[in-house]
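So you can see what is in the structure, the chains are spelled out below.
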Amino acid sequence: MTANVAVETTPEIPLWNDPSHPVSARVDALIGAMTLQEKIAQLYGVWVGASANGGEVAPHQHDMEEAVDLDALLPSGLGQLTRPFGTAPVDPALGALSLLRTQTRITSANRFGIPAVAHEECLAGFAAWGATAYPVPLSWGATFDPDVIRRMAAAIGRDMRAVGVHQGLAPVLDVVRDLRWGRVEETIGEDPYLVGTIGTAYVQGLESAGIVATLKHFVGYSASRAGRNLAPTSVGPRERADVLLPPFEMAIREGGARSVMHAYTDIDGIPSAADEKLLTGLLRDTWGFDGTVVADYFGIAFLKTLHGIAGDFADAAGAALTAGVDIELPTVKTFGAPLADAVAEGRVPESLIDRALRRVLTQKADLGLLDPDWSPVPPAFAGADLDDPDALRGTIDLDSPANRELAREIAEKAVVLLANDGTLPLAAPRRIALVGPNAAEGTAVLGCYSFPQHVGVQHPEIPVGIELPSLAESLAAEFPDAEITVARGTGVDDGDLSGIAEAVDTARDADIVVVALGDRAGLFGRGTSGEGCDAESLALPGAQQDLLNALLDSGTPVVTVLLAGRPYALGRAVEDSAAIVQSFFPGVGGTRAIAGVLSGRTAPSGRLPVSVPRGPGSQPATYLGARLAQASEVSNIDPTPAFGFGHGLTYTTFAWSDLTLDTEQAPTDGEFTVSLTVRNTGERSGTEVVQLYLHDPVASVVQPVQRLVGYTRLELAPGEERRVRVTVPADLASFTGRDGRRIVEPGELELRLSASSTDARLTTRVTLTGPVREADHTRRFHAEFTVED
């Protein structure tokens, strides 16, 4: 079907290709000139894999999709290319050449010359062979440092943009609600403010490089029952509004994210992919989002196959379009022939297709893909001879020294010292016993969405592509004069006890034991952490606790080191370890960062983005619990953590003093300022993280006992002190009231200036006065920290 619309053109260029016209006019003209099939083609992707020799991409086959005939599809156009770099190990330069040639084929095949948007995963770095593997998002949260995450995302974005990628499927803004969930490693933490600020910084960095950031998973994915992946979610509207939604709202309003991915979740019987109130009413009409909504992979088809709200794929396509989903990923399944047939039969109005298409084409115009001078040649190929693929091999470096230095900086800032009896830093030990399943394993620093663990494991014949020093190698470099003996003891999850006796003998012959425990990242049961690798309990996997207990009985001091995707209950090690060092899949610089903390070359400055449980079976529990969620005499389960959210030790000491409050009363639409002095009272430089928690003792609906509303990092030399002023808007006390509106109530509030959720250093109270006030999506998100000399 061709629309009979008069299209304004110049003799040289169609209106839609003319950048002198407003984008809206260009898009309207293009839509008016397209057939139904051409419109629909812009609304789906095809999963491809780059050619290892630089040829055109080939369709990637997946067990959840049928074969795709590119020759049949491309004359109508193509909306997206799914993961051209992230599907198989390919030299980056040849991958870029393959993408270039494929874009040339796509633009040549459709009569409007529209290229596809190429998207990739970038959860912990560009998920391509040979690209830097940065720390996972849980480590981002542990830094409490948005600036360094903003710089990391910008670096990731520049690498992606250089090879022709337009869109990144990150960050994950799900707030942890159950530590058993396998995807905890992909999250930033258990607090919505921390998730929101760190996630927004990532968005800002990625978007600054010209990459479309995609927020996921919207919304509620992390709140699944029993921590199971892709399981039913039970949250009320208040938990959704006050815990799960704020990070997305912040990243859209302050980060400028241009895409959102719906979650697989259904909440109270409504799947996110078919939730018009969520994807249109809240996201667009209330928050003002004007970007694209993309499907989580196969999520539209799931409306039929998993959720059972659609009788066929045409119904699924119609439900998703009605709700506000614009693009089907990863490949065409419901938005192809089923959607075309549904329009022809009158089951889906063409106006819904036009609505989604307008958003898709507007984004393509903003990316320059409709401009007459658009070229498929990416920036990395400036001046290159594209006719000689062999000469291109190895010419694009996605793991530059600058990248690795930035990855190291983040890893160092993310290492959390949980406990220390004075053993750390190690003072030139003569004999070190390095024990554990992660002692000599280079990939122990990688999360499940790193390329080597996500894709590389399926290609064992291909080198890993990046340097991944094991902890054994990094300790040998850190302590060159020490005799280091390595013993595996047991595997990550094999339950093997046969090596424990040897490990204990090794420990008894050493001055210090470093035991490296934790996870192996994987997918769908192939690991102990990662997508589809959920845990029945928070006991250490396999026989690791047996190994740890045996080492604690050896008589040699034990430093427990965790390389993991989630925190685990450590049993008696909480009290009996000489020290405990927690690292969440810290990336290429991770083992060196840990070694630096052990030696004292680096001062630990990380803070926990999630609480460490005391027992293995107390989930779900987070520090955000209300009073009824705390330990009590009427339950035998104690959810009190071993180490609370925000906890982290240093190699120095700090004194907090001189708390002042500018006013004891402020109106519900006002603000107030608290000030304090922080002094380094130790003998070496260190970092203190000042955390501001709000406690609302009386509210019209049940509130968490406390919640984080602000933080700042202070780096202080020995004897140095700084005055910290915090201006707190009353908006930060807002919550969702009984009628579903976000409100600020009058009454007394307690402000806790804390080193962690379990370590309040200074407290003060302020009273909000005046009427109950509505605080909508224009409210202020932040307390303003000012650090004075």
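Residues numbered from 1 in each chain as written. Predicted model: local features only at pLDDT ≥ 70, side-chain atom pairs only at ≥ 80, totals over all residues. Heavy atoms only, no water.

Under an unreviewed UniProt entry, the name given to the protein chain is Glycoside hydrolase family 3 N-terminal domain-containing protein, and the organism recorded is Streptomyces sp. R02. Listed in UniProt under the heading Sequence similarities (unreviewed entry), the comment for the protein chain reads: "Belongs to the glycosyl hydrolase 3 family." (UniProt positions renumbered as here; feature names shortened; annotations may be inferred.)

1. Describing the packing of helix α1 (residues 23-33) against helix α14 (residues 350-366)
The relative placement of two packed helices comes down to the angle between their axes together with the axis-to-axis distance. Packing of α1 against α14 brings their axes to within 9 Å, and their N-to-C directions diverge by 125 degrees. Comparing their axes, α14 and α1 come out oblique. Classified by chirality, the crossing of α14 by α1 is right-handed. Here Val23, Val27, Asp28, Leu30 and Ile31 of α1 lie close against α14, whose contacting residues are Asp354, Leu357, Arg358, Leu361, Thr362, Ala365 and Asp366. Each residue belonging to the contact of α1 with α14 can be placed in one class, and the counts come to seven nonpolar, one polar and four charged. (Axes fitted to C-alpha atoms, helices over the stretch in contact; angles between N-to-C directions. Helix = DSSP H or I, 4+ residues; strand = E, 2+ residues; numbered from the N terminus. Parallel < 35°, antiparallel > 145°, perpendicular 65-115°, else oblique. Left-handed = near helix turned anticlockwise from the far one by under 90°. Contact = heavy atoms within 4.5 Å. Nonpolar A, V, L, I, M, F, W, Y, C, P; charged D, E, K, R; others polar.)

2. So, the pattern of salt bridges
Per the counting criterion, the structure on display carries 53 salt bridges. In this structure, Glu350 and Lys39 form a salt bridge, with 2.8 Å as the shortest nitrogen-oxygen distance. On the criterion of sequence distance, the pair formed by Glu350 in helix α14 and Lys39 in helix α2 (residues 36-41) is long-range, its members being 311 residues apart. Pair check on accessibility: Glu350 and Lys39 agree, each one buried. With its nearest N and O atoms 3.9 Å apart, the salt bridge here joins Glu467 to Arg404. Here Glu467, found in the loop between α17 (451-454) and α18 (471-478), pairs with Arg404, found in helix α16 (residues 401-414); they are 63 residues apart in sequence, far enough to count as distant. Residue classification places Glu467 among the partly exposed positions, given a relative accessible area of 43%. (Salt bridge = Lys/Arg side-chain N within 4 Å of Asp/Glu carboxyl O. Buried < 20%, exposed > 50% of the residue type's maximum accessible area, 1.4 Å probe, protein only.)

3. Notes on the environment of Thr233
Assignment of secondary structure puts Thr233 in the loop between β6 (212-218) and α8 (237-244). On the basis of relative accessibility, which here comes to 5%, the residue Thr233 falls in the buried class. Sequence spacing of Thr233 and Tyr221 is twelve residues, and the spatial spacing of their C-alpha atoms is 7.3 Å.

4. What to know about the state of the cysteines
Under the defined criterion, the tally for this structure stands at zero disulfides. With no disulfide partner, Cys122 has as its closest neighbouring cysteine sulfur the one in Cys448, 14 Å distant. Free of any disulfide, Cys533 has its nearest cysteine sulfur in Cys448, 7.2 Å distant. For Cys533, a relative accessible area of 3% puts it in the buried group. (Disulfide = S-S within 2.5 Å.)

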